[in-house]
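# Analysis of the macromolecular model
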Amino acid sequence: MTDCTRVIGVGNVNRGDDAAGLLVARALAGRVPPSVEIRECSGDMSSLLEAWRGASVAVVVDAMASGLPAGTVHVLAPDAEVLHAAGAHWSNHGFGLAEAIELGRALHVLPRRLVVLGIEGEDFETGAPVSTTVVHAVERAADLILDTL
Amino acid sequence: MSAPTDRVRPRGGRKPAVPPPAPERPIRPRATQARSIKVDVLARVEGEGALSVKVSRGVVTEAALRIYEPPRFFEAFLRGRRFTEAPDITARICGICPVAYQMSAVQAMEAALRTRVDGPLRDLRRLLYCGEWIESHVLHIYLLHAPDFLGYESGIHMARDHAEAVNRGLQLKKVGNDLVTLLGGREIHPINVRVGGFYRVPERSELAAITERLKWALDAAVATVRWVSGFAFPDFERPYDFVALRHPSEYAVLSGTIVSSRGLDIPVADYEQHFTEEHVAHSNALHSSLAGHGAYFVGPLARFNLNFDRLSELARDVALDSGLGRTCHNPFKSIIVRAVETVQAIDDALRILASYEPPAEPAVPMTIGSGVGHAATEAPRGILYHRYRLGGDGVIADAKIVPPTSQNQRAIEDDLRHFVEQHLELDDAALTWQCEQAVRNYDPCISCATHFLKLSVTRT
């Protein structure tokens, strides 16, 4: 494991507010110190494991739908209950962040520090634009990461 | 996206009272007692559905795979779209086997337009397909099916005790994903496939890195065969009617005739003369039947039994060393066959890479016109049939798609019926566990027809 810090934006640009994590990653491009790597990821379990492999610190940014007002920025520890309720998928089509965290822990390949930044969305329809509240939340999330790095 | 759900997943490690092998389980002789077993969720399948088994006086009176997801209407979506759109639209049917949909779609279109694609372009298609076989088979072996044999609730729980094996599986799957990305442009729903070939073909130099990784993967795949062949398997065999493609010289993936273990040997264009689909009340996915025989079995076990002589020398040797023999009628051993097919896919990929020379053009030209085209390819789970009728303007007038899981539904239900009848002495937990395992033998991609599976066994 290196001292590398990695920011991993997760999402789908074709599903409305689900693009939030990717937009944060793109907003940070060129604005972070050289020791910080920016990556984008579909959210598939094995891709996530690969995305944070070798990093000592990882910040995963993903859209959420927990019922809080749209635009809310959550800062979550990897064992946060909401993540694991969200990840209770039965189909391997749905293996995602929660499963990646669990499997990473089992295989001892989690970064020394892992933080999940969730951005509450409101419209996840196919082809929908990113809602205005989420666009503003993306800016706040990017600033929060820059302040923390 | 992370979304809340009201589904409750049991936490913890091993499932209680159901460690393999079967003979070690507590046995309760209850064949004639009224019993009711219900499992709300069957995990580790691709998609969602329900299953009910009813037993009365020791006889299974119903074994129904209930697929209640609404129909997805992809065949209707395709009508009115240009022939060029079919590979990208049909790829969206499945996130696990999009290459299979693309390959069947482009070849059916090329048949309709009387266009032939061969040489290095066909090799690249097979190479892309190898990537999908690797990632799909390895996912199922390591994270979906192996936990059944080792007594764990999930691959994640299994990883705590079998980290080395799971790490090997993840690295192996990644080689498959990366091969698909290299040729397809991205790992899920590739964007580089077109009717006639590809949008872009790689230079030889671009393939050097993946070649080295595939050499490692070949050893890892052989180790996988050894690993899974050491599992304990329930003693269960049936006289299946296996159906697969067969090619004169290849382990058929992209093309061939359709053959069966009862002697069927037909061109793909005759598929609908021999195989029919019908709607049954308990399923939103059409049930396929082989005329005159009913249920049939597609997928790795069918391919292995019908095409053992077409496996590469290495894959054959590995299969024989594993104890499989030249034929296998135990569906629980499909995990070994998937591992052998992973060896085959990697061996094939390395052979193609060794002789690859980029084609002069990334796609062959074609003349747009009316026609009907058929194609079948071997998706990881079995034959995937496409048929299109094009108008003179290249617009799709009619489409038919038959995925492998639809074709296996009757065989799955028959397996459950026979398995339950032969194992009524097992207690409810053990019987339920092995029924779930029996369904997973087929690696059903219910998402190709539906989503979500529940198991309910009622005994009266």
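Worth saying up front: this structure is predicted, and the values here are computed from it rather than measured.

## Quick word on the overall build of chain A
- Counting secondary structure elements, chain A contains five helices and five strands.
- Secondary structure of chain A in N-to-C order comes out as β-α-β-α-β-β-α-α-β-α.
- The long-range share in chain A, meaning contacts at least 24 apart out of those at least 6 apart in sequence, stands at 76%.

## Re the sheet that holds strand S6 (residues 243-246) of chain B
All names here are of chain B.
- Overall, antiparallel pairing links the three strands, which are arranged S6-S7-S8 in an open sheet. If you trace the sheet from one side to the other, it starts and ends with S6 and strand S8 (265-266), each paired once.
- Examined bridge by bridge, S6 and strand S7 (residues 257-260) share four bridges and lie antiparallel to one another. Bridging across to S7, leucine 245 finds its partner in isoleucine 258.
- In the packing of helix H9 (residues 300-307) onto the sheet, contacts are made with S6 and S7, and the angle to S6 comes to roughly 55°.

## What to know about the side chain of Gln107(B)
- Assignment of secondary structure puts Gln107(B) in helix H3 (residues 98-112).
- For Gln107(B), a relative accessible area of 16% puts it in the buried group.

## A short note on the packing of aromatic side chains
- If you walk through the whole model with that rule in mind, you get 17 aromatic pairs over all chains.
- Three or more aromatic residues link up through ring pairs in this structure, and these residues are Tyr142(B), Phe149(B), Trp227(B), Phe231(B) and Phe233(B).

## Some words on the side chain of His386(B)
All names here are of chain B.
- For histidine 386, the position within the fold is in strand S12 (residues 382-390).
- Looking at histidine 386, the relative accessible area reads 0%, which means it is buried.
- Separated by 2.7 Å, the side chains of histidine 386 and tyrosine 388 make a polar contact.
- Not counting the four nearest positions on each side in its chain, histidine 386 is found in contact with Thr90, Tyr101, Ser104, Ala105, Ala108, Gly373, His374, Ala375, Lys400 and Ile401.

## Brief notes about the packing of helix H12 (residues 404-422) of chain B against helix H13 (residues 428-440) of chain B
All names here are of chain B.
- Contact geometry of H12 with H13 gives a least axis separation of 10 Å together with a crossing angle of 155°. Considering the angle they form, H12 stands roughly antiparallel to H13. In this structure, the crossing between H12 and H13 has a hand that is right-handed. Side by side, H12 and H13 meet where Ile412, Leu416, Phe419 and Val420 of the first sit next to Leu431, Gln434, Cys435, Ala438 and Val439 of the second.
- Here the residues of the contact of H12 with H13 sort into eight nonpolar, one polar and no charged.

## What to know about the sheet that holds strand S2 (residues 36-41) of chain A
All names here are of chain A.
- Taken together, the five strands give an open sheet; going across it, the order is S2-S1-S3-S5-S4, and neighbouring strands pair in mixed fashion. At either end of the open sheet lies a strand with only one pairing partner, and these are S2 and strand S4 (73-76). Each adjacent strand pair in this sheet contributes to an overall mean axis angle of 20°, direction not counted.
- Of the strand pairs in this sheet, strand S3 (residues 57-64) and strand S5 (residues 113-120) are connected by eight bridges, and their pairing is parallel.

## A word on helix H7 (residues 208-229) of chain B
All names here are of chain B.
- In this model, H7 (22 residues) spans 32 Å end to end at C-alpha, consistent with the 32 Å of a helix rising 1.5 Å per residue.
- Considered for burial, the residues of H7 that qualify are Ile210, Thr211, Leu214, Ala217, Leu218, Ala220, Ala221, Val222, Thr224, Val225, Trp227 and Val228.
- Contact partners of the buried residues in H7: helix H4 (120-150), helix H5 (155-161), helix H6 (163-184), helix H10 (313-322) and helix H11 (334-355).

## Focus: the packing of H7(B) against H11(B)
Residues and elements named next belong to chain B.
- Two numbers describe how H7 lies on H11: the axes approach to 9 Å, and their chain directions differ by 160°. In terms of axis orientation, H7 runs roughly antiparallel to H11. The handedness of the crossing between H7 and H11 is left-handed. In this structure, H7 uses Ile210, Thr211, Leu214, Lys215, Ala217, Leu218, Ala221, Val222, Thr224, Val225, Val228 and Ser229 to contact H11, whose residues at the interface are Ile335, Ile336, Ala339, Val340, Thr342, Val343, Ile346, Asp347, Ala349, Leu350 and Leu353.

## Describing the environment of Ser249(B)
- On the secondary structure map, Ser249(B) appears in the loop between S6 and S7.
- Along the primary structure Ser249(B) and Leu311(B) are separated by 62 residues, whereas in three dimensions their C-alpha atoms are 9.5 Å apart.

## Examining the pairing of S2(A)
Residues and elements named next belong to chain A.
- The pairing of strand S1 (residues 5-10) with S2 spans six bridges and is parallel. Each bridged residue has a counterpart across the sheet, and for valine 10 the counterpart in S2 is cysteine 41.
- In terms of handedness, the path from S1 via helix H1 (residues 20-28) over to S2 forms a crossover that is right-handed.

## Some points on the pattern of salt bridges
Residue and element names in this part refer to chain B.
- One pass over the full model with this rule turns up 33 salt bridges over all chains.
- Between glutamate 206 and arginine 200 there is a salt bridge, with its nearest N and O atoms 2.8 Å apart.
- Across the pair arginine 440 and glutamate 436 runs a salt bridge, and its minimum N-O distance is 3.6 Å. Taken as a pair, arginine 440 and glutamate 436 lie in helix H13 at a separation of four residues, close to a single helical turn.
- By relative accessible area, which is 2% here, glutamate 436 ends up buried.
- In the salt-bridge network here, residues are joined through shared partners; they are Arg122, Arg126, Glu250, Asp348 and Arg351.

## Some thoughts on the nonpolar core
- Core analysis: the biggest nonpolar cluster contains 152 residues, and Trp52(A) and Tyr388(B) have the highest contact counts within it.
- The element best represented in this core is H4(B), accounting for 17 residues.
- Membership of the second largest hydrophobic core comes to 18 residues, among which are Val7(A), Val32(A), Val59(A) and Val138(A).

## With respect to H11(B)
- Relative to the 32 Å expected for 22 residues at 1.5 Å per residue, H11(B) spans 32 Å between its end C-alpha atoms, a close match to the ideal helical length.
- Of all 22 residues in H11(B), 19 are buried; the element is thus mostly enclosed.

## Focus on the confidence of the model for chain B
All names here are of chain B.
- Looking at chain B as a whole, its pLDDT mean stands at 86, while 85% of the residues score no less than 70.
- Within the model, the stretch residues 2-31 combines pLDDT values under 50 with 77 contacts to residues more than four positions away or in other chains.
- Low pLDDT, under 50, characterises residues 36-43; the predicted model gives this stretch 35 contacts beyond four residues in sequence or across chains.

Reading the values: rules and limits
Residues numbered from 1 in each chain as written. Chains lettered and ligands numbered in written order. Predicted model: local features only at pLDDT ≥ 70, side-chain atom pairs only at ≥ 80, totals over all residues. Heavy atoms only, no water. Helix = DSSP H or I, 4+ residues; strand = E, 2+ residues; numbered from the N terminus. Contact = heavy atoms within 4.5 Å. Pairing = 2+ DSSP bridges. Axes fitted to C-alpha atoms, helices over the stretch in contact; angles between N-to-C directions. Buried < 20%, exposed > 50% of the residue type's maximum accessible area, 1.4 Å probe, protein only. Phe/Tyr/Trp six-rings, centres within 6.5 Å; stacked < 30°, edge-to-face > 60°. Polar contact = N/O pair within 3.5 Å; in protein donor to acceptor, adjacent residues only side chain to side chain. Parallel < 35°, antiparallel > 145°, perpendicular 65-115°, else oblique. Left-handed = near helix turned anticlockwise from the far one by under 90°. Nonpolar A, V, L, I, M, F, W, Y, C, P; charged D, E, K, R; others polar. Expected span 1.5 Å × (residues − 1). Right-handed = clockwise from strand over helix to strand, strands pointing away. Salt bridge = Lys/Arg side-chain N within 4 Å of Asp/Glu carboxyl O. Core = buried A, V, L, I, M, F, W, Y, C linked by side-chain atoms within 4.5 Å. pLDDT = per-residue confidence, 0-100.

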